[in-house]
Amino acid sequence: KIQSKLNIKTRREEDPSAQIYLKVFGNEVTFQNIDSALLKQIVREDSLAIPDIEQQLREGLEMKMTKAHHLAEGSLGIPTTLGLPIYMTMNSLVLTKSEISGKMTVSPRLFHEDRPSDQKDVSAIEASLSSIHSIAMQTTGTVTIDCRVIKSGTEQDLSINSVIPISGKVTLDLKNRQHKFIWETPEKEHKLLELRACPILF
């Protein structure tokens, strides 16, 4: 009677759930949703097996990152005996961009519980990585003399652009203790660094 008068409702049980994700520099690399059925399996078998992680590694993972940074900003005023102050300013920005893709295969299997009973140890690991990293930096500096009536000075714009491709393959034969590392270079001529300067008088 008290429950009906006070409008008390019994709380309904919710199915437990969880999420596992990996982020690198704020960019999500992988995400795994764990529902109640998988949680019950973990409690029952006392183990965590996520089968699609191995499949994702075999097929390959891709990640793209873009970050902007404000490196420096400042200003300075210098008085002179002529009464014409000199002002100096500097502003520097940098933008970085990375595109990374990779694959990995573990023999016989990645997870211990998925391996055959007679092959519980990892015999070989093969991984490949391909990436392109771009860096663009813009720096602007000015020197100005204030004559009250007019302003005169100079401005220097400096820009730096760099694109660095990195690709390689690693093979680890743990059974025979033979390891191999291959570093791949671009097939065509590639410009790694470009520097431009533009002076301006005003």
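Residues numbered from 1 in each chain as written. Predicted model: local features only at pLDDT ≥ 70, side-chain atom pairs only at ≥ 80, totals over all residues. Heavy atoms only, no water.

## Here's the deal with the environment of Ser 162
This is how it is decided: Secondary structure elements follow DSSP: runs of H or I no shorter than four residues count as helices, runs of E no shorter than two count as strands, and numbering proceeds from the N terminus. Every residue pair with non-hydrogen atoms within 4.5 Å of one another is taken to be in contact. In protein, a polar contact means a hydrogen-donor-capable atom and an acceptor-capable atom, both N or O and within 3.5 Å, with residues adjacent in sequence counting only if both atoms are side-chain atoms; elsewhere, any N or O pair within 3.5 Å suffices.
Along the chain, the position of Ser 162 falls in strand E6 (residues 151–173). Spatially, the C-alpha atoms of Ser 162 and Met 137 are 9.0 Å apart, while their sequence positions differ by 25 residues. Beyond its immediate chain neighbours, meaning those up to four positions away, Ser 162 contacts His 133, Ser 134, Ile 135, Leu 192 and Leu 193. A distance of 2.8 Å separates a polar side-chain atom of Ser 162 from the backbone oxygen of Leu 192.

## Brief notes about empty space enclosed by the protein
What counts is decided by this rule: Put simply, the grid is 1 Å and covers the protein atoms alone, a cavity is a trapped set of points that fit a 1.4 Å probe, a pocket is an open set with protein on both sides within 12 Å along at least five of seven lines, and lining residues have an atom within 4 Å of a point. Grid points are joined across faces, edges and corners, and a volume is the space filled by probe spheres set on the points. Note on residue classes: Ala, Val, Leu, Ile, Met, Phe, Trp, Tyr, Cys and Pro are nonpolar, Asp, Glu, Lys and Arg are charged, and everything else, Gly too, is polar.
Under the criterion given, the structure shown has one cavity of 30 Å³ or more. Empty space within the largest cavity amounts to approximately 30 Å³. Glu 54, Leu 57, Arg 58, Met 104, Thr 105, Val 106 and Leu 110 are the residues that line the largest cavity. By residue class, the composition of the lining of the largest cavity is four nonpolar, one polar and two charged.

## Re the environment of Lys 97
We apply this condition: The buried label goes to any residue with under 20% of its type's maximum accessible area, the exposed label to any with over 50%, and the partly exposed label to all in between, with areas taken from a 1.4 Å probe on protein chains only.
Examined against the element boundaries, Lys 97 turns out to sit in strand E4 (residues 86–107). The class of Lys 97 is partly exposed, set by a relative accessible area of 41%. Distance in space between the C-alpha atoms of Lys 97 and His 133 is 5.8 Å, their sequence separation being 36 residues. Among all residues touching Lys 97, those that are not within four sequence positions of it are Met 65, Thr 66, Ile 132, His 133 and Ser 134.

## Focus on the pattern of salt bridges
Here is the rule: In what follows, salt bridge is the name for a side-chain nitrogen of Lys or Arg lying within 4 Å of a carboxyl oxygen of Asp or Glu.
A complete count under the given rule lists three salt bridges for this structure. A salt bridge links Glu 99 to Lys 97; its shortest N-O distance comes to 3.8 Å. Lys 169 is the partner of Glu 126 in a salt bridge, and the nearest nitrogen-oxygen pair spans 3.1 Å. One end of the pair, Glu 126, is in strand E5 (residues 124–146); the other, Lys 169, is in strand E6, and 43 residues separate them in sequence. Assessed through its relative accessible area of 36%, Glu 126 is described here as partly exposed.

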